[in-house]
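Residue strings, one per chain:
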Amino acid sequence: MLTLTAMRTQIGIIGAGPAGLFLSHLLARIGIECVILEHRSREEIEGTIRAGVLEDWVTHLMDELGLAERLKREGRPDTGVTFQFSNRRHHIDFIELTGKQITVYAQHEVIKDLVAARLHSGGPIVFSISDVALKGIDSETPAIAYRDSGGAAQELRCDFIVGCDGFHGPSRQAIPPDKRVEHDMVYPFGWLGILAEAPRSWHELIYSNHERGFALLSTRSPQVQRIYIQCDPHDDIAVWPDDRIWAEMQARFAFDGWKLAEGRIFQKNIVGLRSFVCDTMRYGRLFLAGDAAHIVPPTGAKGMNLAVADVVFLSRALDAWYKKGNRDGLERYPETCLRRVWKAERFSWYMTTMLHRNDAESSFERQIHLADLDHVVSSRAAATALAEVYVGLPIDP
Ligand code: RFL
Ligand code: PHB
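The shown structure was predicted, so the numbers you read here are calculated from the model rather than taken from an experiment.

Thresholds, definitions, all that
Residues numbered from 1 in each chain as written. Chains lettered and ligands numbered in written order. Predicted model: local features only at pLDDT ≥ 70, side-chain atom pairs only at ≥ 80, totals over all residues. Heavy atoms only, no water. Helix = DSSP H or I, 4+ residues; strand = E, 2+ residues; numbered from the N terminus. Rg over C-alpha atoms; globule rule 2.2 N^0.38 Å. Buried < 20%, exposed > 50% of the residue type's maximum accessible area, 1.4 Å probe, protein only. Contact = heavy atoms within 4.5 Å. Areas by Shrake-Rupley, 256 points an atom, 1.4 Å probe, with all protein chains shown as cover. Lys, Arg positive; Asp, Glu negative; His and termini not counted. Charge placed at Lys NZ, Arg CZ, Asp CG, Glu CD. Pairing = 2+ DSSP bridges. Near = heavy atom within 4 Å. Polar contact = N/O pair within 3.5 Å; in protein donor to acceptor, adjacent residues only side chain to side chain. Nonpolar A, V, L, I, M, F, W, Y, C, P; charged D, E, K, R; others polar. Expected span 1.5 Å × (residues − 1). Axes fitted to C-alpha atoms, helices over the stretch in contact; angles between N-to-C directions. Salt bridge = Lys/Arg side-chain N within 4 Å of Asp/Glu carboxyl O. Parallel < 35°, antiparallel > 145°, perpendicular 65-115°, else oblique. Left-handed = near helix turned anticlockwise from the far one by under 90°. Core = buried A, V, L, I, M, F, W, Y, C linked by side-chain atoms within 4.5 Å.

## Thoughts on the overall build of the chain
- When helices and strands are counted, the chain shows 11 helices and 21 strands.
- For the chain, whose C-alpha radius of gyration is 22 Å, the value lies close to the compact-globule estimate of 21 Å for 397 residues.
- When its C-alpha atoms are laid out on the principal axes, the chain stretches across 70 × 40 × 40 Å.
- Residues counted as buried form 55% of the 397 residues belonging to the chain.
- Within the chain, counting contacts between residues at least 6 apart in sequence, those at least 24 apart form 73% of the total.
- Accessible area for the chain stands at about 17,200 Å²; split by element, carbon and sulfur atoms hold 52% of it.
- Looking at charge distribution, the chain has the averaged site of its 45 positive side-chain charges lying 2 Å from that of its 52 negative ones.

Dropping the structure here:
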């Protein structure tokens, strides 16, 4: 006989990535209950290497939520970035142009901090679940059916479901296809990313546009560097032995009198690049947030920051609903998020096309990208336009 255990909460969250975890903390602050259901283990989510750049307002938000203790100690505030092209390097000074900065702090460190704080305060996160099914999302009594880590059937009944389950999760698919429009673009290149035990080579991020392809120098700590190079998205990682990776990185960052410090590579992987937006982000009592609803190529460092912005908007709307019975914010949620999302999509697409080598483009288009870069580094107005999106657009209306 099938045994089913049912649990009840106000908000059922699918996914313990940045979107789901930030939402749980934002809701706790305003006295709304939630449960997070996550299909991977705690060790897996805390060990997945992804983003590195936090926008200015996200670090302030972590501080306000009491989550910034380690971030303040270990995160690296950066006051600008360097663009390299045509054998030149140019510093874009965010502080001078916008009064704001960014913080380099790895996404999995954010995840560790948010999981620890949530569990410490007794907030439920159910790990290692499977077979998630969304039920009754167009009714007043939605529920999430799933199997727990022991394989037992469970049901979480709630007032609202929030799909924070990333690009491949089931939430977006629960919206009937005729109720959503998907805008998709896949780039003909990917990123090979490494973590290496090496000292810092440069005082800030370098975005390099090179004949041989794009390269990005970032950091994780004084001893660990994070470096990416453009590659064929279909490459098997086996065709990239360490000496080939270093040779390619040295070539793409080559600069008179300077050399990239090398060291032991202890992690490497390849990801494809895509832009994607799902319009709408709400259906009945289901809301989508973060990568479940939209993807940007990582060149603009926007994905995680956008996920946090979505759940800030959603927590405000839920606050108005629970405290005042006002449903305007919930109804306007897709429109509010998508206005910001499209600006980040535009920026990420612009940074990607300007900085990558695309063999399908003509020499004319390639020269246009170099002219674009030259404009950014020689016009204060153009540099400010780039900087204000890079450090993060305002989150307040
Ligand atoms: P996530 O992080 O994918 O989390 C989704 C969670 O949902 C779980 N899940 C399920 N749980 C239950 N049942 C199911 N059926 C489930 N299916 C999935 C998953 O296990 C997972 O834990 O989505 P979220 O929260 O929306 O966060 C999005 C960000 O992770 C993403 O946008 C960023 O990593 C993008 N990104 C960057 N963003 C930045 O803001 N700054 C950066 O510097 C930056 N650099 C990057 C990046 C992404 C990269 N990759 C790997 C594409 C650099 C790279 C290389
Ligand atoms: C990173 O440090 O992982 C990083 C930095 C900047 C980006 C993407 C990723 O645009």
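Following the structure, the description resumes.
## Description of the sheet that holds strand E21 (residues 294-295)
- In space, the eight strands of this open sheet follow the order E7-E6-E15-E16-E17-E14-E18-E21, with mixed pairing throughout. Each end of this open sheet is capped by a strand with a single partner; those strands are strand E7 (88-93) and E21.
- Judged from the three bridges that link them, strand E6 (residues 80-85) and strand E15 (residues 206-208) form a sheet pairing that is parallel. Paired with Thr82 across the strands is Ile206, a residue of E15.

## What to know about the site of ligand 2
- Among the 15 residues in the neighbourhood of ligand 2, the closest are listed as Tyr207, Ser218, Arg220, Tyr228 and Pro298.
- Between ligand 2 and Ser218, the relevant distance is 2.6 Å, taken from an oxygen atom to a side-chain nitrogen or oxygen of the residue.
- Residue Arg220 places a side-chain N or O atom 2.7 Å away from an oxygen atom belonging to ligand 2.
- Within the complex, the protein chains bury 97% of what would otherwise be the 280 Å² of accessible surface of ligand 2.
- Contributing elements (two or more residues each) for the shell around ligand 2: strand E16 (215-221) and strand E17 (224-231).
- Ranked by the residues each element gives to the shell around ligand 2, the list is headed by E16, at three residues.
- Split into classes, the residues belonging to the shell around ligand 2 amount to nine nonpolar, three polar and three charged.

## Re helix H6 (residues 107-120)
- The end-to-end C-alpha distance of H6 is 20 Å, a good match for the 20 Å that 14 residues give at a rise of 1.5 Å each.
- Looking at H6, one finds that the buried residues are Gln107, His108, Glu109, Val110, Ile111, Asp113, Leu114, Val115 and Arg118.
- In the segment just after H6, Gly122 is the residue with positive phi, at about 85°.

## Regarding the sheet that holds strand E9 (residues 125-126)
- Spatially, E9-E3-E2-E13-E20-E19 is the arrangement adopted by the six strands of the open sheet, whose pairing is mixed. Of all strands in the sheet, those with a lone pairing partner are E9 and strand E19 (282-283), marking the two edges.
- Across two bridges, the pairing between E19 and strand E20 (residues 286-288) is antiparallel. Each bridged residue has a counterpart across the sheet, and for Tyr283 the counterpart in E20 is Leu286.
- Sitting on the sheet, helix H8 (residues 303-324) touches strand E2 (11-14), strand E13 (160-163) and E20, and the angle it makes with E13 is about 180°.

## Considering the site of ligand 1
- Residues in contact with ligand 1 amount to 32 residues; listed here are only the nearest, Glu38, Arg40, Gln107, Asp291 and Met304.
- At 2.9 Å, a backbone N or O of Ala19 approaches an oxygen atom of ligand 1.
- It is H8 that contributes the most residues to the shell around ligand 1, four residues altogether.
- Split by residue class, the shell around ligand 1 holds 16 nonpolar, 10 polar and six charged.

## Details of the pattern of salt bridges
- This model, assessed by the stated rule, comprises 33 salt bridges.
- Note that Glu74 and Arg73 form a salt bridge whose closest N and O atoms lie 3.8 Å from each other.
- Given a relative accessible area of 42%, Glu74 falls into the partly exposed group.
- Arg212 is the partner of Glu248 in a salt bridge, and the nearest nitrogen-oxygen pair spans 2.7 Å.

## A short note on the pairing of E7
- Summarising the sheet, E6 and E7 pair through six bridges and their orientation is antiparallel. Within E7, the position partnered with Val81 by the bridge is Ile92.

## Details of the packing of helix H3 (residues 56-64) against H8
- At their nearest, the axes of H3 and H8 sit 10 Å apart, and the two run at 55° to each other. Accordingly, the angle class assigned to the pair H3 and H8 is oblique. The two elements H3 and H8 cross, and the hand of that crossing is left-handed. Contact with H3, carried on its side by Trp57, Val58 and Leu61, involves Asn305, Val308, Ala309 and Val312 of H8 and no other residues of that element.
- Grouping the constituent residues of the contact of H3 with H8 by class yields six nonpolar, one polar and no charged.

## Quick notes on the nonpolar core
- In terms of nonpolar packing, the biggest core is built from 75 residues, with Ile11, Phe22 and Met62 touching the most fellow members.
- Broken down by element, this core gets its largest block of residues, 11 residues, from H8.
- In this structure Ile11 touches Leu27, Ile32, Glu33, Cys34, Val35, Cys158, Phe160, Val162, Leu318 and Tyr322, once residues within four positions along its chain are discounted.
- Grouped together as the second largest cluster of nonpolar side chains are 34 residues, Leu97, Leu273, Phe347 and Leu373 included.

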